[in-house]
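# Commentary on secondary and tertiary structure
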Amino acid sequence: MNKTAAIQAIISATSTAQPVVFTTDATCRIAQVVEDRPNHFYLTASIGLAGSLGIGIALETRRPTVIVDSYSNLVRNPVGLITAGTLVDLPLIHIVLDDGLYGSGHTSPPPSDRADVLALARASGYSDVSTTTQLDKFSNLVRGKLAHCQSPVLVRAVLTHPDSPMPYPSDSDPAIHASRFHAHLSIPENRSAAA
């Protein structure tokens, strides 16, 4: 599986009633090109903060919230794992796309052999931690976790294939997307559909 296939699987598994936060750089660009939805929040230029934003959304809305993070962003700021783990009834699915690279330029090897985000999630109190390299298993994991999301869980997708270059979306204005996301979360039908 590559990043594009993983993101396609996530978008296919989620409904428009479920908030989905995409981390910076290629992740949010790919998501916007695959399918731009009003329940998607594209976190541009805020490295390491996807977890914090997703936790806040899940706390406020009390609906299953999906964070689509990258390994390199998560290890820069793992405080979200610790915070979410203490909130035992937080409906949160934290997905970590691990491509074995570190940094937005993908020029440095990752500290994977030293920074075990799965162990940190378990130690922080996440109710379930899973990892896979297989696209079909990943898709089933995401769907299963969404169907029964009552506490923080982490799903790690190990990406073993490269992505083709992705075009930039035609509309990449963060202010417009943030306003659209907020308005979408405020619609009463979306609140009841997520309950």
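Model, not experiment: these values are computed from the prediction.

Here we take up the sheet that holds strand β5 (residues 128–132). Taken in spatial order, the six strands line up as β2-β1-β3-β4-β6-β5 in an open sheet, and their pairing is parallel. The open sheet has two edge strands with one neighbour each: β2 (40–42) and β5. Geometrically, the sheet is characterised by an average inter-axis angle of 15° between neighbouring strands, direction not taken into account. In the sheet, strand β1 (residues 20–22) pairs with β2 via three bridges, with the strands oriented parallel. Bridge pairing in β2 places F22 opposite Y42.

This brings us to the nonpolar core. Counting residues in hydrophobic clusters, the biggest one holds 27 residues, and the most contacted among them are F22, V66, I95, L97 and F138. If one sorts the elements of this core by residue count, helix α1 (residues 3–13) sits on top with six residues. Once residues within four sequence positions are removed from consideration, L97 is found in contact with K3, A6, I7, T27, V68, D69, S70, Y71, A157 and L159.

Another point: the environment of H148. Mapped onto the elements of the fold, H148 is located in the loop between α7 (135–147) and β6 (153–158). Here the alpha-carbon distance between H148 and P91, two residues 57 residues apart in the chain, equals 9.0 Å.

Buried within helix α2 (residues 26–34) we find T27, C28, I30, A31 and Q32. Close packing links the buried residues of α2 with α1, β1, β2, β3 (65–70), β4 (92–98) and α8 (174–186).

It is at 9 Å that the axes of α1 and α7 come closest, and there the two elements cross at 30°. The orientation of α1 with respect to α7, classified from their angle, is roughly parallel. Of the two elements, α1 crosses α7, and the hand of that crossing is right-handed. On α7, the residues that touch A5, A6, A9, I10, S12 and A13 of α1 are L135, F138, S139, V142, R143 and L146.

Right, let's get into the packing of aromatic side chains. With the rule as written, the count across this model stands at two aromatic pairs. An angle of 25° between the planes, with centres 6.0 Å apart, marks the rings of F22 and Y42 as stacked. Separated by 20 residues along the polypeptide, F22 in strand β1 and Y42 in strand β2 bring together distant segments of the chain. As far as the burial class goes, F22 and Y42 line up, both buried. Between F41 and F181, the aromatic rings sit 5.3 Å apart at their centres with planes inclined by 75°, giving edge-to-face as the arrangement. On the criterion of sequence distance, the pair formed by F41 in strand β2 and F181 in helix α8 is long-range, its members being 140 residues apart. On the accessibility criterion, F181 (4% relative accessible area) is buried.

Bringing the pairing of β6 into the picture now. Counting buried positions along β6 yields five of six residues, so the element is predominantly enclosed. Where β4 meets β6, six bridges bridge the pair, whose relative direction is parallel. If you follow L97 over to β6, its bridge partner there is A157. Note: β5 against β6, five bridges, orientation parallel. Note that in β6 the partner of V129 across the bridge is L154. Tracing the backbone out of β5, into α7 and back to the parallel element β6 gives a crossover that is right-handed.

Procedures and definitions
- Within each chain, residues carry numbers counting from 1 in the order of the written sequence.
- At least 70 in pLDDT is required for a residue's local features to be given in this predicted model, at least 80 for side-chain atom pairs to be given and counted, and no such filter applies to totals for whole chains, interfaces and linings, which use all residues.
- Heavy atoms throughout the structure, all of them, feed into the side-chain values; hydrogens and water do not.
- When DSSP finds two or more bridges between two strands, those strands count as paired.
- The numbering of helices and of strands both runs from the N terminus, where a helix is a DSSP run of H or I of at least 4 residues and a strand a run of E of at least 2.
- Where helices are involved, their axes are fitted lines through C-alpha atoms of the stretch in contact, as for all axes, and angles between N-to-C directions lie from 0 to 180°.
- Remark: nonpolar core denotes a set of buried residues (Ala, Val, Leu, Ile, Met, Phe, Trp, Tyr, Cys) joined through side-chain atoms within 4.5 Å.
- Exposure categories follow from relative accessible area, calculated using a 1.4 Å probe and restricted to protein chains: below 20% of the type maximum is buried, above 50% is exposed, and the middle band is partly exposed.
- In what follows, residue pairs with any heavy atoms lying within 4.5 Å of each other are defined as contacts.
- The labels follow the angle: roughly parallel below 35 degrees, roughly antiparallel above 145, roughly perpendicular from 65 to 115, and oblique for the rest.
- A crossing counts as left-handed when the near helix is turned anticlockwise from the far one by less than a right angle, and as right-handed when that turn is clockwise.
- Two aromatic rings, drawn from Phe, Tyr or Trp (for Trp, its six-membered ring), form a pair once their centres lie within 6.5 Å of each other, and the interplanar angle then sorts them: stacked below 30 degrees, edge-to-face above 60, tilted otherwise.
- Orient the strands so they point away from the viewer; a crossover is then right-handed if the path from the first strand over the helix to the second runs clockwise.

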